[in-house]
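Each chain, written out:
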Amino acid sequence: MTSAQPLTVPALRDGCPFDVPRTYVRAAEQGPAVRVGTPDGSECWLITHHEEVRTVLADRRFSSDAMLPGFPLMTEELRKMVGESRASTPVVDDQEHIRRRRLLTAEFKAKKVDALRPQIQRMVDDTLDEMIAEGGPVDLVSRFALPVPSAVICLLLGVPVGDHEFFMDRSHVMLDFAAGPEAMMKARLELTEYMNRLTAEKQREPDEGLISHLLTSGDLPADEVAGTGLLLLLAGHETTSSMLALSTLALLRNPGQPARLRENPALVKGAVEELLRYLTIVQNGVGRVALEDVEVGGQTIRAGEGVLCMLSTANRDEGVFTDPDELDLRRDARSHLSFGFGIHQCIGQSLARAELQIALETLLRRLPGLRLAAPFEELRFRDGVGFYGVEELPVTW
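Draft legend 1. Seen up close, the environment of Ile358. For Ile358, the location among the structural elements is in helix α15 (residues 349-366). Classification of Ile358 as buried rests on a relative accessible area of 6%. In sequence terms Ile358 and Arg371 are 13 residues apart; their C-alpha atoms lie 19 Å from each other. With near-sequence residues (within four places) excluded, Ile358 lies in contact with Arg117, Ile120, Gln121 and Val124.

Here it is as structure tokens:
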């Protein structure tokens, strides 16, 4: 393999908060597959162009098993967390993965998600009612962007309403690298213990939630149902919350865009796809490790070498998207890779799209005077977490 370029990952955003970090931009300019260094002194490959990212994510010669040697950006603390999580979610082969994924896919089909839309709409309206009654300014993250996805995923899983705040707090800590490994591990343990207890309760008294459905299907043992529920919970509200807050901020920073959506709500579906492309909250890439020698973008990636598929630079590939650094709500952005690609792409993408469409349309319609209540330059962004976002978003109307 060629010597590593003088670039180090992960990288923080060092310009406009909506731009891709310059380290990743420079890597994309050097080629579709670039060797880079990591903080622990090892090296990996950045896959930066749209075509090559799709190729790697769909290629089963690259493994998503983070416990394999060579998997990128795996600190000892993260490796320990992943290893302990495997106690309830064992590694499975491709066929078993496909079987289990198919079991979950049925629960996230567009038809089922469409049936949830009235309930999502009520949750959005109820949350806004409370926020509006309090009066501005408020933090849109804690009062809207986080509670709505949390309530939706808890509804889907069958989690009691009274436990929503616990999940919001613990999942935030578990994904916050700035909290430190001890706090992250403690949060993971608390969530795991809770999910195990909840699963046991659903065994005794089934309801209409997804946990009960997985238990009664008879295909998964209780401990794996609990592990699956925890995974869906974490992935199901932190990501959507980050996207909802960042999307609102991006719209407020682009004069005329919110008005266009208010005038024509039918544009919201396309607008959400463009926001997903433009913002790409999976900031530091999707990891894989080569199982055998594979040629990608003119470079030979050897067996055991790690790669990071950079969704952010793929979504800004000018060979696929015209003027990719511009937010254009009229763009056909459906080929973005924000949900990944291949057999491991996000299983809850239909649900995430529905939540974002309903929440953004309702927010802009009900609060036509929505605006920032603090200088943009003073906002703090979440670089040290698994998903990029804004810490707080003070707004008024």
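Read on for the rest.
Draft legend 2. Broad picture of the sheet that holds strand β9 (residues 371-372). Read from one edge of the open sheet, three strands run β4-β12-β9, paired in antiparallel fashion. Because the sheet does not close on itself, it has two edges, and the strands there are β4 (138-139) and β9. Two strands pair when backbone bridges link them, and β4 and strand β12 (residues 394-396) are joined in this way by two bridges, in the antiparallel orientation. Bridge pairing in β12 places Asp139 opposite Pro394.

Draft legend 3. Expanded view of the nonpolar core. Ranked by size, the top nonpolar core spans 100 residues in total, and within it Ile47, Phe144 and Leu351 carry the most contacts. Broken down by element, the residue count for this core peaks at 13 residues, all from helix α11 (residues 222-252). The residues touching Leu351, leaving out its near neighbours within four places in the chain, are Phe108, Val113, Leu116, Ile120, Val152, Ile153 and Leu156. Membership of the second largest hydrophobic core comes to twelve residues, among which are Val34, Cys44, Leu46 and Met310.

Draft legend 4. Representation of the packing of aromatic side chains in the model. Within the structure shown, the criterion is met by five aromatic pairs. A ring pair is formed by Phe18 and Phe376, whose centres lie 6.1 Å apart and whose planes are at 40°; its orientation type is tilted. Taken together, the residues span a long stretch of sequence, with Phe18 in the segment before α1 (22-30) and Phe376 in the loop between β9 and β10 (381-382) at a distance of 358 residues. You'll find Phe18 and Phe376 in the same group, each marked buried.

Draft legend 5. Inspection of unusual backbone geometry at higher detail. Looking along the chain, the bond that leaves Gly136 and enters Pro137 is cis, with omega of 0°. Its place among the elements puts Pro137 in the loop between α5 (110-134) and β4. Phi is positive for Thr280, close to 40°, though the residue is something other than glycine. Relative to the assigned elements, Thr280 resides in the loop between α13 (268-279) and β5 (286-290). Positive phi, normally seen in glycine, also occurs at Asp323, with a value near 45°. Considering the arrangement of structural elements, one finds Asp323 in the loop between α14 (311-314) and α15. What makes Asp323 exposed here is its relative accessible area of 54%.

Draft legend 6. Here's a closer look at α11. Its 31 residues give α11 an end-to-end C-alpha distance of 45 Å, which sits within 8% of 45 Å, the value for a rise of 1.5 Å per residue. Most of α11 is tucked away: 26 of the 31 residues are buried.

Draft legend 7. Just the pattern of salt bridges, in detail. A full pass over the atoms with the stated rule returns 19 salt bridges. Among the ionic pairs, Glu43 bridges to Arg35, the shortest N-O distance being 2.1 Å. The class for Arg35 is buried, based on a relative accessible area of 14%. Among the salt bridges present, the one from Arg330 reaches Asp328, with a minimum N-O distance of 3.3 Å.

Draft legend 8. The side chain of Thr199, seen in detail. On the secondary structure map, Thr199 appears in helix α9 (residues 181-204). Using a relative accessible area of 1% as the deciding quantity, one classes Thr199 as buried. Contacts of Thr199, omitting those with residues within four sequence positions, involve Ile211, Leu215, Ala222, Val225 and Ala226.

Draft legend 9. Representation of the environment of Asp139 in the model. Considering the arrangement of structural elements, one finds Asp139 in strand β4. According to the relative accessible area criterion, Asp139 is buried, its value standing at 18%. With 254 residues separating them in the primary sequence, Asp139 and Leu393 have C-alpha atoms 5.1 Å apart. Setting aside residues up to four positions removed in sequence, Asp139 forms contacts with Glu392, Leu393 and Pro394. Within the structure, the side chain of Asp139 is placed 3.1 Å from the backbone nitrogen of Val141, a separation counted as a polar contact.

Draft legend 10. Fine view of the packing of helix α8 (residues 164-174) against α11. Viewed as axis vectors pointing N to C, α8 and α11 meet at an angle of 90°, and their least axial separation amounts to 10 Å. One way to sum up the angle between α8 and α11 is to call them roughly perpendicular. Only Leu233, Leu234, His237 and Glu238 of α11 make contact with α8, whose side of the interface consists of Phe167, Met168, Ser171, His172 and Met174. For the contact of α8 with α11, a count of residues per class yields five nonpolar, three polar and one charged.

Draft legend 11. How the structure looks around the confidence of the model for the chain. For the chain, per-residue confidence averages 87 on the pLDDT scale, and 90% of positions sit at 70 or higher. Per-element confidence in the chain ranges from a low mean pLDDT of 61 for helix α3 (residues 76-85) to a high of 98 for β12. Scored below 50 in pLDDT, residues 87-93 shows eleven contacts in the model against residues more than four places distant or in partner chains.

Draft legend 12. Geometry of the pairing of strand β8 (residues 306-309). Here β8 shows two buried faces, one formed by Gly306 and Leu308 and the other by Val307 and Cys309. Direction of pairing for strand β2 (residues 43-47) relative to β8: parallel, over a ladder of three bridges. The partner of Leu46 across the bridge, within β8, is Leu308. Summarising the sheet, β5 and β8 pair through four bridges and their orientation is antiparallel. Looking at β8, one finds that Val286 is bridged to Cys309.

How each quantity is defined
Residues numbered from 1 in each chain as written. Predicted model: local features only at pLDDT ≥ 70, side-chain atom pairs only at ≥ 80, totals over all residues. Heavy atoms only, no water. Helix = DSSP H or I, 4+ residues; strand = E, 2+ residues; numbered from the N terminus. Buried < 20%, exposed > 50% of the residue type's maximum accessible area, 1.4 Å probe, protein only. Contact = heavy atoms within 4.5 Å. Pairing = 2+ DSSP bridges. Core = buried A, V, L, I, M, F, W, Y, C linked by side-chain atoms within 4.5 Å. Phe/Tyr/Trp six-rings, centres within 6.5 Å; stacked < 30°, edge-to-face > 60°. Expected span 1.5 Å × (residues − 1). Salt bridge = Lys/Arg side-chain N within 4 Å of Asp/Glu carboxyl O. Polar contact = N/O pair within 3.5 Å; in protein donor to acceptor, adjacent residues only side chain to side chain. Axes fitted to C-alpha atoms, helices over the stretch in contact; angles between N-to-C directions. Parallel < 35°, antiparallel > 145°, perpendicular 65-115°, else oblique. Nonpolar A, V, L, I, M, F, W, Y, C, P; charged D, E, K, R; others polar. pLDDT = per-residue confidence, 0-100.

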